[in-house]
Amino acid sequence: MAADKIRVLIVDDIAETRENVRKLLQFEVDVEVVGTARTGKEGIQLAQEMNPDVVLMDINMPDIDGITATENIRRNSPHIQVVILSVQGDQNYMRRAMLAGARDFLTKPPMGDELISAIKRAGEMAHTEREKGAKQQMVMSAAVGASPMGGFMPSTHGKIIVVYSPKGGTGCTTIAVNLAIALHNEDTRTVLIDGNLQFGDVAIFVNEQGKNTVLDIAPRVDDLDSEIVDEILIKHEASGIRILAAPQRPEMAEKISAEQFMKVLQFMQRMYSYVVVDTSCILTDVILSAIDLSDVVVLVTTQEIPAIKNSRLILDLLNTMGISKDRIVFAMNRFDKRIAITPERVSDNLKHELTAVIPLDEKIAITAVNRGIPFMLDNKSQPIGKGIFALAEAVRARIIALDGENEASTARR
Ligand SMILES: Nc1ncnc2c1ncn2[C@@H]1O[C@H](COP(=O)(O)OP(=O)(O)OP(=O)(O)O)[C@@H](O)[C@H]1O
Ligand SMILES: [Mg+2]
């Protein structure tokens, strides 16, 4: 469909690169190069004028560099997706690019099919984002079939839920493990993935260490079938969930690229209703791309000022990355009512409602870890277990609401 063509803007100071990229794209019927710019400044200006779907962006350029230009474009037009093209294979650039809101990162010279598939992925995302924007404008006037939540057909695609805390030790893994168990049932099968590739401890939390890990899947991610994956995943008999553990040793983490990890998540989405990802507080490329790909981010804080301060920073960053507020379920863990910093105060302060509060219970939480038996199995009726149930409900409700929005916008088209 002509209307669905992906409109591309090329920003690069070297004429030869602009020409090569243009040539690579000229035979793609659904891709159209709508303009080229030679500097970051020109790129920002043209992005505003041409309103492309995808910007292919160089990093080193006269006047404004590609990362700053990306940030600027994403701030002004969040639906425009940026793919960075750079000679630097340097991981630091990749991280900075992702933080600036870039969708993808390719090294120069890009291979034809690599470039085209990156553009198509980004283009699809741009179209979805545009629709969302249009929908928000129409939602006031259109009397959409406002059936109660759940009246919409849920999408058949599994949902990715990333559990993240910008402060170590706040209980991210505790929440990821117990949330996965709470979400799992026969109709909504759930897999738990350890995204803390260096020091992941999900396997220990369920006493299943020493088995297969993500290293058994990631390297052959382009060549998987569900039977192989089913063989490799750890089956946690007591709860029924499946688990993909982190590598056995920290130095093995770097064997897994962000791209491989993303593909693993996408594969899991086809097999499971919920894909829960545990993370580390350090924002690795792997974790950034998981967040980027996720449907919902469970952001974990505590009542401690450093955790709250970091939550503020991460809320800003998620905003820059184009993660809308309604994709974030904010949760407080280790809640102790004797401490004056209440969930309400934190919500007010960060202007983001705390949707779930999980009480402090060291006896239950620590015993659970040490025995390798998650408390959602044997202590789910205790307040800490009820807190997790409430969180699981909030996540489910959020997913249904987000699905409903997408359904409504598709229906209107
Ligand atoms: N609600 C809670 N009440 C009491 N203790 C808790 C609670 N949640 C987690 N804990 C305890 O806090 C410690 C840290 O938890 P956990 O490992 O889940 O944190 P984390 O954020 O994943 O840490 P890391 O940054 O190391 O990955 C554990 O001993 C855990 O048992
Ligand atoms: Mg952890």
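Residues numbered from 1 in each chain as written. Chains lettered and ligands numbered in written order. Predicted model: local features only at pLDDT ≥ 70, side-chain atom pairs only at ≥ 80, totals over all residues. Heavy atoms only, no water.

A.B. asks: How should the sheet that holds strand β8 (residues 234-235) be read in this particular structure?
C.D. replies: Taken together, the 8 strands give an open sheet; going across it, the order is β8-β9-β7-β10-β6-β11-β12-β13, and neighbouring strands pair in mixed fashion. Looking at the sheet topology across the chains shown, the edges are occupied by β8 and β13 (354-359). Note: strand β6 (residues 159-164) against strand β10 (residues 274-278), 5 bridges, orientation parallel. Note on β10: the bridge partner recorded for V163 is D278. (Pairing = 2+ DSSP bridges. Helix = DSSP H or I, 4+ residues; strand = E, 2+ residues; numbered from the N terminus.)

A.B. asks: So what exactly am I meant to see when it comes to the packing of helix α11 (residues 305-320) against helix α12 (residues 343-350) here?
C.D. replies: Contact geometry of α11 with α12 gives a least axis separation of 11 Å together with a crossing angle of 40 degrees. The interaxial crossing formed by α11 with α12 has right-handed handedness. Touching I308, S311, R312 and L315 of α11 are V346, N349 and L350, all from α12. (Axes fitted to C-alpha atoms, helices over the stretch in contact; angles between N-to-C directions. Left-handed = near helix turned anticlockwise from the far one by under 90°. Contact = heavy atoms within 4.5 Å.)

A.B. asks: Can you help me understand the pattern of salt bridges in this one?
C.D. replies: What the rule picks out here adds up to 19 salt bridges. Two residues, K211 and E208, come together in a salt bridge whose shortest N-O distance is 2.4 Å. We classify K211 as partly exposed; its relative accessible area is 44%. Take E208: its relative accessible area is 11%, and that puts it in the buried class. Two residues, R396 and E393, come together in a salt bridge whose shortest N-O distance is 2.5 Å. One end of the pair, R396, and the other, E393, are both in helix α15 (residues 383-412), 3 residues apart, so they sit about a helical turn from each other. Residues joined by salt bridges that share partners form a network here, namely D12, D58 and K108. (Salt bridge = Lys/Arg side-chain N within 4 Å of Asp/Glu carboxyl O. Buried < 20%, exposed > 50% of the residue type's maximum accessible area, 1.4 Å probe, protein only.)

A.B. asks: Where do I start with the site of ligand 1 in this structure?
C.D. replies: Inspection of the region around ligand 1 gives 18 residues, with C172, T173, T174, N333 and R334 positioned closest. Within the backbone of C172, an N or O atom sits 2.9 Å from an oxygen atom of ligand 1. Here D361 contributes a backbone N or O atom positioned 2.9 Å from a nitrogen atom of ligand 1. Relative to its unbound accessible area of 630 Å², ligand 1 is 81% covered by the protein chains. Taken together, the elements giving at least two residues each to the shell around ligand 1 come down to α6 (172-183), β12 (328-335) and α13 (362-371). In terms of residues, the shell around ligand 1 owes the most to one element, α13, which gives 4 residues. Looking at the shell around ligand 1, its residues break down into 8 nonpolar, 7 polar and 3 charged. (Near = heavy atom within 4 Å. Polar contact = N/O pair within 3.5 Å; in protein donor to acceptor, adjacent residues only side chain to side chain. Areas by Shrake-Rupley, 256 points an atom, 1.4 Å probe, with all protein chains shown as cover. Nonpolar A, V, L, I, M, F, W, Y, C, P; charged D, E, K, R; others polar.)

A.B. asks: What's the story with the pairing of strand β11 (residues 296-301) in this structure? I'm lost.
C.D. replies: Within β11, 6 of the 6 residues are buried, which leaves it mostly tucked inside the rest of the structure. With burial as the criterion, each face of β11 is covered, one bearing V296, V298 and V300 and the other bearing V297, L299 and T301. Pairing between β6 and β11: 4 bridges, direction parallel. Among the inter-strand pairings, I161 is bridged to a residue of β11, identified as V296. In this sheet, β12 lies alongside β11 in parallel orientation, the contact comprising 5 bridges. Directly across from V300, in β12, lies its bridge partner A331. A crossover connection joins β11 to the parallel β12 through α11; in handedness this β-α-β unit is right-handed. (Right-handed = clockwise from strand over helix to strand, strands pointing away.)

A.B. asks: What is the right way to read the domain arrangement of the chain from this model?
C.D. replies: A common way to report how large an interface is uses the accessible area buried once the components associate. Per the domain assignment, the segments of the chain are domain 1 (2-138) and domain 2 (159-412). Using only C-alpha atoms to locate each centre, domain 1 and domain 2 end up separated by 30 Å. For the pairing of domain 1 and domain 2, the buried interface totals around 1400 Å² over both sides, and the portion due to carbon and sulfur atoms is 51%. In this assembly, domain 1 and domain 2 are joined by 1 salt bridge. One salt bridge in this structure joins R103 and D292, with 3.2 Å as the shortest N-O distance. Here the side of domain 1 that touches domain 2 takes 5 residues from helix α4 (residues 91-99), the largest share from any one element. The class makeup of the residues in the side of domain 1 that touches domain 2 is 5 nonpolar, 2 polar and 7 charged. (Domains from an automatic or database assignment. Buried area = accessible area lost by both parts, 1.4 Å probe.)

A.B. asks: Sorry if this is basic, but what is going on with the environment of V214 here?
C.D. replies: Mapped onto the elements of the fold, V214 is located in the loop between α7 (202-205) and α8 (226-232). Overall, the relative accessible area of 1% leaves V214 in the buried class. A C-alpha to C-alpha distance of 30 Å links V214 and I384, two positions 170 residues apart in sequence. Apart from residues lying up to four places away in sequence, V214 is in contact with L197, P219, L244, A245, A246, P247 and I256.

A.B. asks: What is the right way to look at the sheet that holds strand β2 (residues 31-37) in this model?
C.D. replies: Whether parallel or antiparallel, the strands of a sheet pair through hydrogen bonds between backbone atoms. Read from one edge to the other, the open sheet built from 5 strands follows the order β2-β1-β3-β4-β5, with strand pairing classed as parallel. Here the strands that pair on one side only, and so sit at the sheet edges, are β2 and β5 (104-107). When the angles between neighbouring strand axes are averaged without regard to direction, this sheet yields 25 degrees. As paired strands, strand β1 (residues 6-11) and β2 are joined by 6 bridges and run parallel to one another. Each bridged residue has a counterpart across the sheet, and for I6 the counterpart in β2 is V31. On the sheet, helix α1 (residues 15-25) packs against β1, β2, β3 (54-58) and β4 (81-86) and is oriented at approximately 170 degrees with respect to β2.

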